[in-house]
2 protein chains.
Amino acid sequence: MDCPSRELLDLIGGKWAILILCCLQQGPVRSGELKRSVGGISQKMLTQTLRELERNGLVHRVSHPEVPPRVEYSLTTLGKSLSGVARELEKWLVEHYNAILDHREKHAGSIEDYS
Amino acid sequence: MDCPSRELLDLIGGKWAILILCCLQQGPVRSGELKRSVGGISQKMLTQTLRELERNGLVHRVSHPEVPPRVEYSLTTLGKSLSGVARELEKWLVEHYNAILDHREKHAGSIEDYS
DNA sequence: CGGAATCCTATGGGATACTG
DNA sequence: CAGTATCCCATAGGATTCCG
């Protein structure tokens with residue numbers, strides 16, 4: 001079974017990629033601010049995830065040769081189009097999240113209770 | 001930063017969930033056949049993922065009281081609607097996958113090469 | 001045949017300290 | 001300030017075996 005969706009999930013399925021993409025939707029953001037606005041992300045994962053996004057052409061990195069250093073990240077065209085997809089995901093979830101929660105509750109404990 | 005997309009990824013971000021949902025799109029499939037048609041999945045992950053999908057109301061499980069046992073899985077209404085979202089993901093990916101691959105190649109080795 | 005129960009490893013990800 | 005380098009752990013997931 002080959003299902004391209006899987007590939008996409010490899011791109012954005014990590015714990016932080018989507019959050020970062022969301023944070024970049026408003027325009028260029030510099031590293032430190034990005035870290036704060038994502039919230040809870042470690043320095044390591046911030047860099048690592050950004051490198052990955054960069055490698056896939058979703059995020060653009062600009063390093064200003066100043067001191068102290070200043071680095072800004074922004075979405076590429078490709079990244080913007082992907083964040084559009086992310087909004088589709090959001091949309092689906094907010095529409096159906098209650099249904100999921102409801103089902104979980106009904107299912108809590110019982111095994112014989114199908115819907 | 002809260003981004004509902006993340007929640008959805010928790011639902012289907014695993015290694016197998018999407019594949020299973022795809023395999024169920026054609027209609028009810030029994031366990032063994034599902035395992036074969038997914039390909040490469042272990043017994044453990046098959047059951048585990050199905051239980052999770054079931055728990056979230058995406059998949060429906062019917063056990064026929066026969067011997068040898070026969071169990072069939074199918075998509076619920078919710079599951080079907082989700083697999084629709086999956087197709088959106090697919091669509092995006094097939095449209096942009098080459099762009100991603102191209103970018104990766106250009107990026108291979110160079111760090112200073114932005115797009 | 002469908003699945004539960006173990007055991008085990010690979011790795012995603014966190015905390016921390018150090019550099020330019 | 002931005003990033004790298006370690007160290008460490010929790011857990012996702014694979015292989016295998018046993019049960020109705």
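Here, every reference points to the structure presented above.
Residues numbered from 1 in each chain as written. Chains lettered and ligands numbered in written order. Predicted model: local features only at pLDDT ≥ 70, side-chain atom pairs only at ≥ 80, totals over all residues. Heavy atoms only, no water.

**Some thoughts on the interface of chain B and chain A**
At the interface, 46 residues of chain B touch 46 residues of chain A. One can count zero salt bridges joining chain B with chain A. Between the two partners, chain B and chain A, sit 15 residue pairs in polar contact (both at pLDDT 80 or more). For the side of chain B that touches chain A, the secondary structure elements donating two or more residues are α1 (4-12), α2 (17-24), α3 (31-38), α4 (43-55), β2 (59-64) and α5 (77-107) of chain B. Per element, the largest residue contribution to the side of chain B that touches chain A is 17 residues, and it comes from α5(B). (Contact = heavy atoms within 4.5 Å. Salt bridge = Lys/Arg side-chain N within 4 Å of Asp/Glu carboxyl O. Polar contact = N/O pair within 3.5 Å; in protein donor to acceptor, adjacent residues only side chain to side chain. Helix = DSSP H or I, 4+ residues; strand = E, 2+ residues; numbered from the N terminus.)

**Describing the protein's contact with DNA strand C**
If you check the shell around DNA strand C, you find 18 residues, and the closest are K44(A), M45(A), G32(B), R61(B) and Y73(B). The protein-proximal atoms of DNA strand C, defined as those within 4 Å of the protein, are 60% sugar or phosphate. At 3.2 Å from a phosphate oxygen of DNA strand C is found a main-chain nitrogen or oxygen belonging to K15(A). At 2.9 Å from a phosphate oxygen of DNA strand C is found a side-chain nitrogen or oxygen belonging to Y73(B). Of all the elements in the fold, those that place two or more residues in the surface near DNA strand C are α4 (43-55) of chain A together with α3, α4 and β3 (70-75) of chain B. Tallying contributions element by element places α4(B) first for the surface near DNA strand C, with four residues. Grouping the constituent residues of the surface near DNA strand C by class yields seven nonpolar, five polar and six charged. (Near = heavy atom within 4 Å. Nonpolar A, V, L, I, M, F, W, Y, C, P; charged D, E, K, R; others polar.)

**Some remarks on the protein's contact with DNA strand D**
Taken together, 17 residues surround DNA strand D, and among them G32(A), R61(A), Y73(A), K44(B) and M45(B) come closest. For DNA strand D, the backbone portion of the atoms within 4 Å of the protein, that is sugar and phosphate, comes to 57%. Within the contact set of DNA strand D, a phosphate oxygen lies 2.7 Å away from a backbone nitrogen or oxygen of G32(A). The side chain of W16(B) places a nitrogen or oxygen atom 3.3 Å from a phosphate oxygen of DNA strand D.

**Notes on the pattern of salt bridges**
Throughout the structure, instances matching the rule amount to ten salt bridges over all chains. Between E54(B) and R51(B) there is a salt bridge, with its nearest N and O atoms 3.7 Å apart. Here the residue E54(B) and the residue R51(B) both occupy positions in helix α4, the gap between them amounting to three residues, near one helical turn. Between E52(B) and R55(B) there is a salt bridge, and its shortest N-O distance comes to 3.9 Å. Placement of both E52(B) and R55(B) in helix α4 is noted, with a separation of three residues, approximately one turn of the helix. When its relative accessible area of 35% is taken as the criterion, R55(B) is described as partly exposed. What you see here is one network of salt bridges that share partners, running through E66(A), R70(A) and E72(A). (Buried < 20%, exposed > 50% of the residue type's maximum accessible area, 1.4 Å probe, protein only.)

Keep in mind these values describe shape, not function.
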